[in-house]
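Single-letter residue listing:
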Amino acid sequence: MELPDKETCYRALQSRDSRFDGLMYVGVKSTGIYCRTVCPARTAKYENCTFYGSAAAAQEAGYRPCLRCRPETAPELASWRGTSNTVSRALALIADGALDGADKSVDALAERLGIGERQLRRLFLQHLGASPIAVAQTRRVLFAKHLIHETQLPMTEVALAAGFNSLRRFNEVFQNLFRRPPSALRRRSSASRPSADAGIVLHICYRPPYDWESMLNFLRARAIPGVEMVENGCYRRTVEIGGSSGTIAVTHLPKRQSVSVAIQFPSVQSLPAIVTRVRRLFDVGADIETIGAHLSHDLLLAPWVATRPGLRAPGGWDGFELAVRAILGQQVSVAAARRLAGQLVALHGSPIQQGPGSYPELTHTFPTAERLAAAESIGLGMPSARLKALRALAVIVAEDPNLFRPFGTIEETIARLRAIPGIGEWTAQYIALRAIRETDAFPASDIGLLRGAAKVYGAPATPASLLHRAESWRPWRAYAAQHLWTANSAEIPILKEAR
């Protein structure tokens, strides 16, 4: 993101303008602290302020995070998307741990993205004002600080969960950065921590608006029996990572502009992966105002955007699970695909242990690629071509667990997916949209999109005509698709000016 001039940034700081929260940070020279634009502390003098486009840039410049406004809780906005898809893909890989560990390097990350190391560093400095390593280090520190403030985890487990190799290194980083040990931060917030009975409860902020009703309706219609459920405004599901299993429950806290996720899982080292998947599934990182403003340039689509201003593009919990759903959904209804997925889980999913606070409806985890690849028979009553496609997918993913992670351009992503037997253009685009989070993916032949487009534009649409119109929606075609899907089952909106 290219920041406005300093005078504009300072006015946003003076007014505590929430529109800039997560989009810029201010480093205060007189204190050595960096803050969000909504920080309640007294506004620093103009000459003492330096503005940065990311927390990593401020931290790399030598500033330490503010203990009042807590930069780790700011909305993590994907404001660079649309200007550099390479950066957004790199950040997704960093969130998955691509730079965590002694054997990980920026060079290997750049290779996975199909560019050179120097070019990747240049893009990060241009769009984030910090190097890839600085971004990864800042994420670790801020995640650890988040856990310290909001959980009762022992410091050893906080260090492990945040990706620190040792408690000693963890203590050194916090002493150098905050000039106090990690335990001092916890004492400041001990009164507000949730009880241990609720598991690990974390709050993930977003930038409003957020159409929670539409998100839950989408997930409810596709909830796999035994794995997921939507009830009383809450989404619950089973989770399996690294051979361990547990559950999560996600609710909406509109007054706090956040979602709350309660995690019951035996391994704290899986916490970053779980939080990353929640962010991806609920699309909390979308800069929804920017996206809506861009799509509203289409005057016929604009009323629908105005009707659902906080509409997000739901992600997928797991790439393999989402791809299996897509194959099951080929040429059948959403309800039929859901039933098939439930049968697949009953046949090949792993049962989970029921304990205090568990839900009897959540009985299994979704089958892994390794489990399906090793099965003698998939056992579903469906066309042999789709059964072969499921088998081929399972074998390929078992051999390449990184298949559904960002790699190269969207065209390269689609080509890589289409190389899998049984996956055509529609399936590849749908997987790219929901599993890989390609903001410009667009399954133009989808019957729901075509029906939605016909309602929006008042005339029948073909895949070719829809693709032509979608050119003006780039690089946010995935969000336009979500509006069209919603329009397919909604009433035609009437603009106030037209009444």
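For the structure itself, consult the block above.
Parameters and conventions
- Residues numbered from 1 in each chain as written.
- Predicted model: local features only at pLDDT ≥ 70, side-chain atom pairs only at ≥ 80, totals over all residues.
- Heavy atoms only, no water.
- Pairing = 2+ DSSP bridges.
- Helix = DSSP H or I, 4+ residues; strand = E, 2+ residues; numbered from the N terminus.
- Axes fitted to C-alpha atoms, helices over the stretch in contact; angles between N-to-C directions.
- Core = buried A, V, L, I, M, F, W, Y, C linked by side-chain atoms within 4.5 Å.
- Buried < 20%, exposed > 50% of the residue type's maximum accessible area, 1.4 Å probe, protein only.
- Contact = heavy atoms within 4.5 Å.
- Left-handed = near helix turned anticlockwise from the far one by under 90°.
- Nonpolar A, V, L, I, M, F, W, Y, C, P; charged D, E, K, R; others polar.
- Parallel < 35°, antiparallel > 145°, perpendicular 65-115°, else oblique.
- 1 Å grid on protein atoms, 1.4 Å probe; cavity = no way out; pocket = protein on both sides within 12 Å on 5 of 7 lines; lining within 4 Å.
- Points joined across faces, edges and corners; volume = space filled by probe spheres on them.
- Expected span 1.5 Å × (residues − 1).
- Arc of directions from axis to C-beta.

1. Observations regarding the pairing of strand β2 (residues 33-36)
Direction of pairing for strand β1 (residues 25-28) relative to β2: antiparallel, over a ladder of four bridges. In the sheet register, glycine 27 faces β2, and the bridge partner there is tyrosine 34. Taken together, β1 and the strand that follows it, β2, pair antiparallel across an intervening segment of four residues, in which glycine 32 is found at a positive phi of about 75 degrees.

2. Quick look at the sheet that holds strand β6 (residues 228-231)
The strand order β5-β9-β8-β7-β6 describes an open sheet built from five strands, whose pairing is antiparallel. Pairing within the sheet leaves two strands with one partner each, and these edge strands are β5 (200-205) and β6. Between one strand and the next, the sheet's axes are offset by a mean angle of 25 degrees, whatever the strand orientation. Looking at chain direction, strand β7 (residues 234-241) and strand β8 (residues 244-253) are connected through seven bridges and run antiparallel.

3. Some details on the nonpolar core
One finds Phe282, Leu301, Phe320, Leu393, Phe404 and Trp473 to be the most contacted residues of the largest nonpolar core, which totals 113 residues. Apart from the residues within four sequence positions on either side, phenylalanine 404 is in contact with Gly319, Phe320, Ala323, Leu393, Val397, Leu417, Ile431, Ala435 and Ile436. The next biggest cluster of nonpolar side chains, apart from the first, holds 30 residues, and it includes Tyr52, Ala55, Leu93 and Ala134.

4. Overview of the packing of helix α20 (residues 447-457) against helix α21 (residues 463-470)
It is at 11 Å that the axes of α20 and α21 come closest, and there the two elements cross at 65 degrees. Where α20 crosses over α21, the handedness of that crossing is left-handed. Note on element contacts: α21 touches α20 through Pro463, Leu466 and Arg469, opposite Leu449, Leu450, Ala453 and Tyr457. Of the residues in the contact of α20 with α21, the class split is six nonpolar, no polar and one charged.

5. Focus on the packing of helix α12 (residues 288-295) against helix α22 (residues 477-488)
For the pair α12 and α22, interaxial distance at closest approach is 10 Å and the crossing angle is 75 degrees. Judged on the interaxial angle alone, α22 and α12 are roughly perpendicular. Residue-level inspection shows Ile288, Ile291 and Leu295 of α12 in contact with α22, the latter providing Tyr479, Ala480 and His483. Its residues placed into classes, the contact of α12 with α22 shows five nonpolar, one polar and no charged.

6. Focus: empty space enclosed by the protein
Inspection of the entire model under this criterion finds three cavities of 30 Å³ or more. Volume-wise, the largest cavity comes out at about 80 Å³. Taken together, 15 residues line the largest cavity, and the ones lying closest to its centre are Glu228, Leu281, Glu321, Arg325 and Arg434. Secondary-structure elements contributing two or more residues to the lining of the largest cavity are α10 (212-222), β7 and α14 (319-328). Reported here for the second largest cavity is a volume of approximately 50 Å³. If you go around the second largest cavity, the residues you meet are Ile288, Ile291, Gly292, Leu295, Val305, Arg308, Pro309, Leu311, Tyr479 and His483. Elements represented by at least two residues in the lining of the second largest cavity include exactly α12 and α22. Here the lining of the second largest cavity gets four residues from one element, more than from any other, and that element is α12.

7. Details of helix α8 (residues 167-178)
Across its twelve residues, α8 extends 16 Å between first and last C-alpha, which sits within 8% of the 16 Å expected from 1.5 Å per residue. Burial in α8 covers these residues: Phe170, Val173, Phe174, Leu177 and Phe178. Looking straight down α8, one finds its buried side chains confined to an arc of 95 degrees; they lie on one side. Facing away from the buried surface of α8 by more than 90 degrees, the exposed residues are Arg168 and Asn176.

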